[in-house]
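Now for the letters of each chain:
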Amino acid sequence: MSGDRNQKVTEWIDVAAPRELVFDLVLNLERRMQLSPLWGIAEISGLSADYPNPGSHYHVRVVKGEQIEYDTQITELQPLRKLSYRLLVERNSHITWNIQDSASGTRILYEETFNVQDEDADLAESVREVIKNWLQNIKRYLELPQSRTGRVVRWFMDRYYLKLRQDQRRAVQAILFMQAIGFISFVMAAIALGIAGIL
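Remember, it's a predicted structure, so these values are computed and weren't measured experimentally. (Residues numbered from 1 in each chain as written. Predicted model: local features only at pLDDT ≥ 70, side-chain atom pairs only at ≥ 80, totals over all residues. Heavy atoms only, no water.)

Novice: Quick question: what am I supposed to make of helix α1 (residues 19-27) here?
Specialist: Quick reminder: α-helices carry 3.6 residues per turn. Residues three or four places apart thus point the same way. If you check which residues of α1 are buried, you get Arg19, Val22, Phe23, Leu25 and Val26. All buried residues of α1 lie within an arc of 155° about the axis, which places them on one face of the element. (Buried < 20%, exposed > 50% of the residue type's maximum accessible area, 1.4 Å probe, protein only. Helix = DSSP H or I, 4+ residues; strand = E, 2+ residues; numbered from the N terminus. Arc of directions from axis to C-beta.)

Novice: So what exactly am I meant to see when it comes to the sheet that holds strand β3 (residues 57-62) here?
Specialist: To summarise the sheet geometry, strands pair through backbone hydrogen bonds and adopt either a parallel or an antiparallel arrangement. Taken in spatial order, the seven strands make up an open sheet running β1-β7-β6-β5-β4-β3-β2, and their pairing is antiparallel. Bordering the open sheet on either side are β1 (5-15) and β2 (42-45), each of which pairs with just one other strand. On average, adjacent strands in this sheet sit at an angle of 25° to one another, irrespective of strand direction. Where β3 and strand β4 (residues 69-78) come together, five bridges link them in antiparallel fashion. Among the inter-strand pairings, tyrosine 58 is bridged to a residue of β4, identified as threonine 72. Where helix α3 (residues 123-142) meets the sheet, its contacts fall on β1, β6 (94-102) and β7 (105-116), and the angle it forms with β1 comes to roughly 20°. (Pairing = 2+ DSSP bridges. Axes fitted to C-alpha atoms, helices over the stretch in contact; angles between N-to-C directions. Contact = heavy atoms within 4.5 Å.)

Novice: So what exactly am I meant to see when it comes to unusual backbone geometry here?
Specialist: Across residues other than glycine, the phi torsion is negative in most instances, and most of the peptide bonds are trans. With an omega dihedral of 10°, the bond running from tyrosine 51 to proline 52 counts as a cis peptide bond. As for its placement among the helices and strands, proline 52 is situated in the loop between β2 and β3. Of note in the backbone geometry, leucine 80 takes a positive phi value of approximately 65° without being a glycine. Among the secondary structure elements, leucine 80 is positioned in the loop between β4 and β5 (82-87). On the basis of relative accessibility, which here comes to 33%, the residue leucine 80 falls in the partly exposed class. The backbone of asparagine 92 sits at a positive phi, close to 55°, despite the residue not being glycine.

Novice: Is there a simple way to explain the pairing of β4 in this structure?
Specialist: Consecutive residues of a regular strand have side chains that alternate between opposite faces of the sheet. With six bridges connecting them, β4 and β5 associate as antiparallel partners. From the neighbouring strand, threonine 72 faces β5, where its bridge partner is leucine 87. Hairpin connection from β4 to β5: three residues lie between these consecutive antiparallel strands, with leucine 80 at a positive phi of about 65°.

Novice: So what exactly am I meant to see when it comes to the packing of aromatic side chains here?
Specialist: Any aromatic ring pair is given by two values, namely how distant the centres are and how the planes are angled relative to each other. Across all of its chains, the model carries four aromatic pairs by this definition. Between arginine 107 and the ring centre of tryptophan 12, over which it is positioned, the NZ or CZ distance is 4.0 Å. (Phe/Tyr/Trp six-rings, centres within 6.5 Å; stacked < 30°, edge-to-face > 60°. Lys NZ or Arg CZ within 6 Å of the ring centre and 35° of its normal.)

Novice: How do you make sense of α3 when you look at a structure like this?
Specialist: Between its first and last C-alpha, α3 extends 29 Å over 20 residues, near the 28 Å set by a 1.5 Å rise per residue. The set of residues buried in α3 consists of Ala124, Val127, Ile131, Trp134, Leu135, Ile138, Tyr141 and Leu142. Angular distribution of buried residues about the axis of α3 spans 125°; they occupy a single face of the element. Contact partners of the buried residues in α3: β1, α1, α2 (29-34), β6, β7 and α4 (148-159). (Expected span 1.5 Å × (residues − 1).)

Novice: How should the environment of tyrosine 58 be read in this particular structure?
Specialist: The topology assignment puts tyrosine 58 in strand β3. Spatially, the C-alpha atom of tyrosine 58 lies 6.2 Å from that of serine 48, the residues being ten residues apart in sequence. Tyrosine 58 has contacts with Leu29, Ile44, Ser45, Gly46, Leu47, Tyr51, Tyr70, Asp71, Thr72, Ile74 and Tyr85, leaving out every residue within four places of it along the chain.

Shown next, in the form of structure tokens:
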């Protein structure tokens, strides 16, 4: 006979960015979710006006696969340090983002606890992989250079790219890759013609 037990997944990453910038991103629900590998699978609505204060909430509806809807409630907010919330679902998930100083800038410590049953043997590892990718996406985004080029890339990402679903992003990446290959081929051909002209 299977029974519920509590499972905890903890992951962390160091980001070369100021603590204030990191915490602002964690609080920015739309941007944080856009950086999740699950972006496009779920829709967020009903964000309460007092977000992110404790007791505030928002609604999540899974739009791909199994039809699931649930509310998320903020349980704790410590400015520049911690954001906690729980998903009002059967698994009773509770998530905490801890923001700490680190030698290289700022550490993001993510903790998630949820109920599992004996038959959910692979669930924790699946959650862990999603979280690792999510933290990597956040790191790459926050570590975009502050140069003019970096600001242009961030503007493009904020305005267009991050709003796309995962499948749409893959299509954009494929197009950019093909453009890069074409450009490299053109440069190589031009260099070859230049060398041939010299000889």
